[in-house]
Amino acid sequence: MEIRKTTLSDLDTALDLYARARTFMREHGNPDQWGDSYPSRELILSDIHKGCSYLCQEGGETLGIFYFAVEADPDYAQIYEGAWLNDKPYGVMHRVASPSGRKGVASFCVRWCLEQSDHNVRIDTHRANIPMQKMLEKNGFQQCGIIYIKQGDERIAYQSKQEMS
């Protein structure tokens, strides 16, 4: 598998990946996290223009998509019922979708993000997104507490616990 930046010519592929991910989430008990329209076309375009949208591909097939940047996320400024593992600069990963049915795609994407950010990544997910929670914990992430996204919705906050020597 390989990771590459999403381009404007990939927009239809991105929209399809997210539509399939919303279906997967609904079918697995998580209908509310992304509803029927998140992420919007405008948000996907913004991610592409920022250079922060990435595709996971293998053999010409697109298997997943995600947002990644080394940046402070305003939604992570305040954490409740816990604490972040450290205050060092971190990568953020959002809008992870790997609806291809292929095992290991999300883990591959997470490991790639860890390599880009000195193994310090923060991510959040909905309480009902059990597949994502299990994948994060399998990949060495620790549940740190609760954050509230800009729209006011609660999310479980995770951070990688892998330390570089």
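Before reading further, recall that the structure is shown in the block above.
What you see is a predicted model; the values in this text were computed from it and never measured.

Participant: Please clarify how the packing of aromatic side chains should be interpreted in this entry.
Facilitator: Aromatic rings considered in pairs are described by the distance between their centres and by the relative angle of their planes. For the structure on display, the rule yields nine aromatic pairs. Residues Phe 68 and Trp 112 carry aromatic rings whose centres are separated by 5.9 Å and whose planes lie at 75° to one another, so their mutual orientation is edge-to-face. With Phe 68 in strand β3 (residues 61-70) and Trp 112 in helix α3 (residues 105-116), the pair connects residues that are 44 residues apart, well separated along the chain. What makes Phe 68 buried here is its relative accessible area of 4%. When its relative accessible area of 19% is taken as the criterion, Trp 112 is described as buried. Ring plane angle 35° and centroid distance 6.4 Å describe the contact between Tyr 76 and Tyr 90, whose orientation is recorded as tilted. Highlighted residues: Tyr 76 in the loop between β3 and β4 (91-97) and Tyr 90 in the loop between β3 and β4, separated in sequence by 14 residues. With relative accessibility at 1%, the residue Tyr 76 sits in the buried group. The class for Tyr 90 is buried, based on a relative accessible area of 9%. One residue, Arg 95, lies across the ring of Tyr 67, its end atom 4.9 Å from the ring centre.

Rules and cut-offs
Residues numbered from 1 in each chain as written. Predicted model: local features only at pLDDT ≥ 70, side-chain atom pairs only at ≥ 80, totals over all residues. Heavy atoms only, no water. Phe/Tyr/Trp six-rings, centres within 6.5 Å; stacked < 30°, edge-to-face > 60°. Helix = DSSP H or I, 4+ residues; strand = E, 2+ residues; numbered from the N terminus. Buried < 20%, exposed > 50% of the residue type's maximum accessible area, 1.4 Å probe, protein only. Lys NZ or Arg CZ within 6 Å of the ring centre and 35° of its normal.

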